[in-house]
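# Close look at the chain arrangement
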Amino acid sequence: MTTPDIAARRALGACAVLMVGTLTLTACGGNANAKNDDKGGKESAKTSVAKIVISAKNGSTGASINSTGVQVSDGTLTDVKMTVAGTGQAVPGSTSANGGSWKPKEQLERGTKYEISATAKDEDGKTSAANSTFTTVTPQNSFIGTYTPDDGTTVGVGMPVSFNFDKVISDKKAVQSHITVTSSSGQQVVGHWFGSQRLDFRPEEYWKAGSKVTMKIDLDGVQGTNGVYGVQKKTVTFAIGRSQVSTVDANTQTMKVVRDGKTVKSVPISTGSPEFTTYNGQMVISEKYKKIRMDSRTVDLANAYDIKDVPDAMRLTQSGTFIHGNYWYNKGNPPFGRQGTSHGCVGLQDVKGGQGATPAKWFYDNSILGDVVIVKNSPDKTVSPDNGLNGWNLAWNEWVAGSSV
């Protein structure tokens, strides 16, 4: 700021006293004051041009747990503090390299009250501040989808993308249109609704071996039903491994394991007995257990069995069909390759603990989630496409008909 020297100020003061009424001096005095204000007084009163915007407005409810943050225009952030209201627990966050934005490091909790205070400065060093107290969307007013497969995994060629939502979805088009699934193979991928809470995606044929699948979930703020909004926003990628499709023939009681188009092994098996037949159809391995308890009461078969340590077990249907090891078979009359004796599962010869060099252990060790097991020539019906991850049992035109976009 430029300041007139003492003599000039005294002279100006004298002129004002002696000749305050003259036009000439009034004009002269006015010019001097304008110069001083332009270089000093006006600038000292000037406020910062840095404008801070906190995405969650003060007093708001239903704030996003993903995109809540701070941005500044015409300035840079100098400090941002976020805490859980009431407890003062700090919420860690990070500022962008250019100082233009800040966001929490982790997803916020639903139904939680938070406080944010932020300061910024403009290029002249003037500061501005903003504060907000808000509450994130509640669990009652939001929905999430539990999905498979997980990010970064490698799965078999039969693994669909499958969402199970925790709320009934009435606007299926809105929800499905905010989930996109693409493959590096170029295969067309289409979604299909099973009821109002499950949405699966798959191509017309099995995934191409070695391809990469990308799923983009952009459901944050999307209304799934009246007053209920999505909260998920992320990108998930998974890889398709080698192709392995194993075909169980109930007539011959054998299973042919085909990997990348070549038969690698023929395994004797035992399917369901005439009383408890095994489903036909294409089934996908959805879970693997080195040891699992199988209790007939969980599948409405009364007290038929309760085996606490079934070895080398892999789930094929949600209703309880597994392909697994069997160590309790009649050693004097082994059923494998000869007859069906199970309660609907596919059994392979094994030993207790599943640690021997058995057909069951070999198949377990050589299988991954998403591998396909096909059962044919059983007297039972074809497995329902929504019983497990078994949508491959729907013809492509039927699958496409179940899409909402």
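Predicted model, so just to flag it, every value in this text is computed and none were measured. (Residues numbered from 1 in each chain as written. Predicted model: local features only at pLDDT ≥ 70, side-chain atom pairs only at ≥ 80, totals over all residues. Heavy atoms only, no water.)

### Some thoughts on the overall build of the chain
Using the following cut-off: Helix numbering and strand numbering both begin at the N terminus, where a helix is a DSSP run of H or I of at least 4 residues and a strand a DSSP run of E of at least 2. Burial classes follow relative accessibility: with a 1.4 Å probe on protein chains only, a residue under 20% of its type's maximum area counts as buried, one over 50% as exposed, and anything between as partly exposed. In this description, contact between two residues means that some pair of their heavy atoms is separated by no more than 4.5 Å.
When its secondary structure is counted, the chain shows 5 helices and 27 strands. Across the 405 residues in the chain, those meeting the buried criterion constitute 42%. Considering only intrachain contacts with a sequence separation of at least 6, the fraction spanning at least 24 residues in the chain is 64%.

### Observations regarding the pattern of salt bridges
Here is the rule we go by: In what follows, salt bridge is the name for a side-chain nitrogen of Lys or Arg lying within 4 Å of a carboxyl oxygen of Asp or Glu.
Scanning the model with the defined rule gives 12 salt bridges in all. Residues aspartate 79 and lysine 81 are paired through a salt bridge, measuring 2.8 Å at the closest nitrogen-oxygen approach. For lysine 81, a relative accessible area of 47% corresponds to the partly exposed category. A salt bridge links aspartate 371 to arginine 242, with the nearest nitrogen and oxygen atoms 2.8 Å apart. Residue aspartate 371 is found in the loop between helix 4 (359-365) and strand 27 (372-376), and its partner arginine 242 is found in the loop between strand 18 (233-240) and strand 19 (244-249); the two are separated by 129 residues along the sequence. For aspartate 371, a relative accessible area of 1% puts it in the buried group. Taken together, the shared-partner salt bridges connect Arg293, Asp295, Asp306 and Lys308 into one network.

### Details of the side chain of asparagine 390
Convention followed: Polar contact is defined as a pair of N or O atoms within 3.5 Å, subject to the rule that within protein one atom must be able to donate a hydrogen and the other to accept it, and that residues adjacent in sequence are counted only when both atoms are side-chain atoms.
Within the secondary structure layout, asparagine 390 lies in the loop between strand 27 and helix 5 (396-401). With a relative accessible area of 0%, asparagine 390 lands in the buried category. Looking at asparagine 390, its side chain comes within polar contact range of the main-chain oxygen of leucine 316, at 3.1 Å. Apart from the residues within four sequence positions on either side, asparagine 390 is in contact with Gln282, Met283, Val284, Leu316, Thr317, Val383, Ser384 and Pro385.

### Things to note about the environment of alanine 120
Mapping alanine 120 onto the fold places it in strand 6 (residues 113-121). Sequence separation between alanine 120 and aspartate 74 is 46 residues, and the spatial gap between their C-alpha atoms is 9.5 Å. The contacts of alanine 120, once residues within four sequence positions are left out, are Ala50, Ile52, Val72, Thr76, Leu77, Thr78, Lys126, Thr127 and Ser128.

### A word on the sheet that holds strand 7 (residues 127-135)
So the rule is basically this: Paired strands, in this sense, are two strands between which DSSP finds at least two bridges. Axis definition: a line fit to C-alpha positions, over the contact stretch in the case of helices; interaxial angles, taken between N-to-C directions, run 0 to 180 degrees.
Taken in spatial order, the 3 strands make up an open sheet running 3-6-7, and their pairing is antiparallel. Among the strands making up the open sheet, the edge pair consists of strand 3 (76-84) and strand 7. Taking each pair of neighbouring strands and ignoring which way they run, the sheet shows an average axis angle of 10 degrees. Here strand 6 runs beside strand 7; their pairing, made up of 9 bridges, is antiparallel. Within the sheet, the bridge partner assigned to glutamate 115 lies in strand 7 and is threonine 133.

### Some points on the nonpolar core
Where we set the bar: The term nonpolar core refers to a set of buried residues drawn from Ala, Val, Leu, Ile, Met, Phe, Trp, Tyr and Cys, joined through side-chain atoms within 4.5 Å.
Ranked by internal contacts, the top residues of the largest apolar core, which has 32 residues, are Phe163, Phe165, Ile179 and Met215. Secondary structure elements with two or more residues in this core: strand 11 (161-165), helix 3 (172-176), strand 12 (179-183), strand 13 (189-194), strand 14 (198-203), strand 15 (212-218) and strand 18. Discounting chain neighbours no more than four positions away, the residues touching isoleucine 179 are Phe163, Phe165, Leu199, Phe201, Met215, Lys216 and Leu219.

### So, unusual backbone geometry
Proline 149 follows threonine 148 through a cis peptide bond whose omega is 0 degrees. With respect to the element layout, proline 149 can be found in the loop between strand 9 (145-148) and strand 10 (154-155). Here glutamine 253, not a glycine, exhibits a phi torsion of approximately 55 degrees, which is positive. Considering the arrangement of structural elements, one finds glutamine 253 in the loop between strand 19 and strand 20 (254-259). Even without being glycine, asparagine 377 reaches a positive phi, approximately 65 degrees.

### Comments concerning the layout of surface pockets
Using the following cut-off: Only protein atoms enter the 1 Å grid used here, on which a cavity is any set of points holding a 1.4 Å probe that cannot leave and a pocket is any open set flanked by protein within 12 Å on both sides along at least five of seven lines; residues with an atom within 4 Å of a point are listed as lining. Grid points are joined across faces, edges and corners, and a volume is the space filled by probe spheres set on the points. Residues are grouped as follows: Ala, Val, Leu, Ile, Met, Phe, Trp, Tyr, Cys and Pro are nonpolar; Asp, Glu, Lys and Arg are charged; every other residue, Gly included, is polar.
A volume near 420 Å³ is recorded for the largest pocket. Forming the boundary of the largest pocket are 22 residues, of which Val299, Tyr305, Ser319, Gly320 and Thr321 lie nearest the centre. Here the residues of the lining of the largest pocket sort into 9 nonpolar, 9 polar and 4 charged. Here the lining of the second largest pocket is built from residues that sort into 7 nonpolar, 9 polar and no charged.

### A few points about the sheet that holds strand 2 (residues 70-73)
Hydrogen bonds between backbone groups are what pair the strands of a sheet, and the pairing can be parallel or antiparallel. Taken together, the 4 strands give an open sheet; going across it, the order is 1-2-5-4, and neighbouring strands pair in antiparallel fashion. The open sheet terminates on both sides in strands that have one partner only, identified here as strand 1 (51-54) and strand 4 (93-95). Adjacent strand axes in the sheet meet at a mean angle of 15 degrees when their direction is disregarded. Both strand 4 and strand 5 (residues 101-104) contribute to a ladder of 3 bridges, which runs antiparallel. Note on strand 5: the bridge partner recorded for threonine 95 is tryptophan 102.

### Describing the pairing of strand 27
Where strand 19 meets strand 27, 5 bridges bridge the pair, whose relative direction is parallel. From the neighbouring strand, valine 245 faces strand 27, where its bridge partner is valine 372.

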